[in-house]
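# Commentary on secondary and tertiary structure
What follows is each chain in one-letter form.
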Amino acid sequence: QVQLVESGGGLVQPGGSLRLSCAASRSIFNINAMGWYRQAPGNQRELVAVIARSGRINYVDSVKGRFTISRDNIKNTVFLQMNSLKPEDTAVYYCYYSSWPDGRDSWGQGTQVTVSS
């Protein structure tokens, strides 16, 4: 199983920015998918942004135009740049890794993002 270590969460005011990082213990060059999910209290975990094997990137509608997912294949790290943050973005953000070709899923421990004045 892949070990994922997230960082970059914290408290930020509405309109602010944060950058999350997810460092993987193995190569992210040849993967099935990798990205970010989030879970707010009382809600189901939802997909935020994902990079598929094809290179295609998908975002949940609520973050389009504000969040950007990117990767550094040399550092085995995926990033989530979050701009124009809103209180409704408050959640625990989880890094997600799906291996190729077995499709085995791995999850990070989660990092708290709180958007509040």
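Scroll up a little and you will see the structure.
Scoring rules and cut-offs
Residues numbered from 1 in each chain as written. Predicted model: local features only at pLDDT ≥ 70, side-chain atom pairs only at ≥ 80, totals over all residues. Heavy atoms only, no water. Helix = DSSP H or I, 4+ residues; strand = E, 2+ residues; numbered from the N terminus. Contact = heavy atoms within 4.5 Å. Areas by Shrake-Rupley, 256 points an atom, 1.4 Å probe, with all protein chains shown as cover. Buried < 20%, exposed > 50% of the residue type's maximum accessible area, 1.4 Å probe, protein only. Polar contact = N/O pair within 3.5 Å; in protein donor to acceptor, adjacent residues only side chain to side chain. Pairing = 2+ DSSP bridges.

## Comments concerning the overall build of the protein chain
A tally of regular secondary structure across the protein chain gives zero helices and eleven strands. Start at the N end of the protein chain and walk to the C end: the helices and strands fall as β-β-β-β-β-β-β-β-β-β-β. If you line up the protein chain on its principal axes, its C-alpha atoms span 45 × 25 × 25 Å. Nonlocal contacts in the protein chain, meaning residues at least 24 apart in sequence, comprise 55% of its contacts between residues at least 6 apart. For the protein chain, the computed accessible surface area is about 6200 Å², with 47% contributed by carbon and sulfur atoms.

## A short note on the side chain of R66
Structurally, the position occupied by R66 is in the loop between strand 6 (57-59) and strand 7 (67-72). According to the relative accessible area criterion, R66 is buried, its value standing at 10%. A polar atom in the side chain of R66 sits 2.9 Å from the backbone oxygen of S84. When neighbours within four sequence positions are excluded, R66 is seen to be in contact with Q81, M82, N83, S84, L85, K86 and D89.

## Section: the pairing of strand 7
Relative to strand 8 (residues 77-82), strand 7 runs antiparallel, the two being bridged by six bridges. Among the inter-strand pairings, I69 is bridged to a residue of strand 8, identified as L80. Hairpin remark: strand 7 followed by strand 8, antiparallel, with four residues in the connecting loop; positive phi at N76, about 55 degrees.

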